[in-house]
Every structure is written in C-alpha cells, then in structure tokens.
Amino acid sequence: MLTAHLPSGYCLGKINGWRGPVFAAAIVGAVLPDGELLFFYFVDDRAIHHHRYWVHVPFFWAVL
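Residues numbered from 1 in each chain as written. Predicted model: local features only at pLDDT ≥ 70, side-chain atom pairs only at ≥ 80, totals over all residues. Heavy atoms only, no water.

Q: Which residues make up the overall build of the protein, and what values go with them?
A: Each helix and strand in the protein was counted, giving 4 helices and 0 strands. In the protein, the succession of helices and strands from N to C terminus is α-α-α-α. A principal-axis box enclosing the C-alpha atoms of the protein has dimensions of 40 × 25 × 15 Å. Counting the 64 residues in the protein, one finds 25% classified as buried. Considering only contacts in the protein between residues 6 or more positions apart, those separated by 24 or more positions represent 27%. (Helix = DSSP H or I, 4+ residues; strand = E, 2+ residues; numbered from the N terminus. Buried < 20%, exposed > 50% of the residue type's maximum accessible area, 1.4 Å probe, protein only. Contact = heavy atoms within 4.5 Å.)

Q: Can you break down the packing of aromatic side chains residue by residue, with the values?
A: Scanning the entire structure with this criterion turns up 1 aromatic pair. Seen in terms of ring centroids, Y10 and F23 are 5.6 Å apart; in terms of plane orientation they differ by 75°. Their pairing is edge-to-face. Linking Y10 in helix α1 (residues 2-15) with F23 in helix α2 (residues 20-31), this pair joins segments that are 13 residues apart in sequence. Among the residues examined, F23 registers a relative accessible area of 17% and is labelled buried. (Phe/Tyr/Trp six-rings, centres within 6.5 Å; stacked < 30°, edge-to-face > 60°.)

Q: Requested: an account of the side chain of D44, with residues and values cited.
A: Examined against the element boundaries, D44 turns out to sit in the loop between α3 (37-42) and α4 (58-63). Judged by relative accessible area, which is 17%, D44 ranks as buried. In this view, D44 contacts F39 and Y53; residues no more than four positions away in its chain are not counted.

Structure follows, in structure tokens:
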C-alpha cells in the first residue's frame, strides 16, 4: 500500500542523505512490491491475498 511503502522509501532516502536519482530510486523501489495490486484487483478477483504473491517476498527483490 502506498500509505506504508512510500513513506518507508522516503525515510530511507532522507536518513541516508540521498539526493536526485538515488532518492527517487529509493521511493520507487519501496513501492514496487505493491505493483501486484493491479493483478490482485483486476485479474485474481481477490482470491489470494496479495502479500502471498512471489513479488511481495523480500528475497525476490534482494536477488533482483
């Protein structure tokens, strides 16, 4: 959700003093795990909670 992931990326960037593209990458990277919400609402018909999708696992993003 934007209300949780977006502020975490913002705080991460501010605490580390990042600016410009690195700061923007922190914000975008924080929001990316919830990109599957489009699939959750429009394709899956909310059958499986979106936190159970493989793109919401931190290990996936660490490997990527």
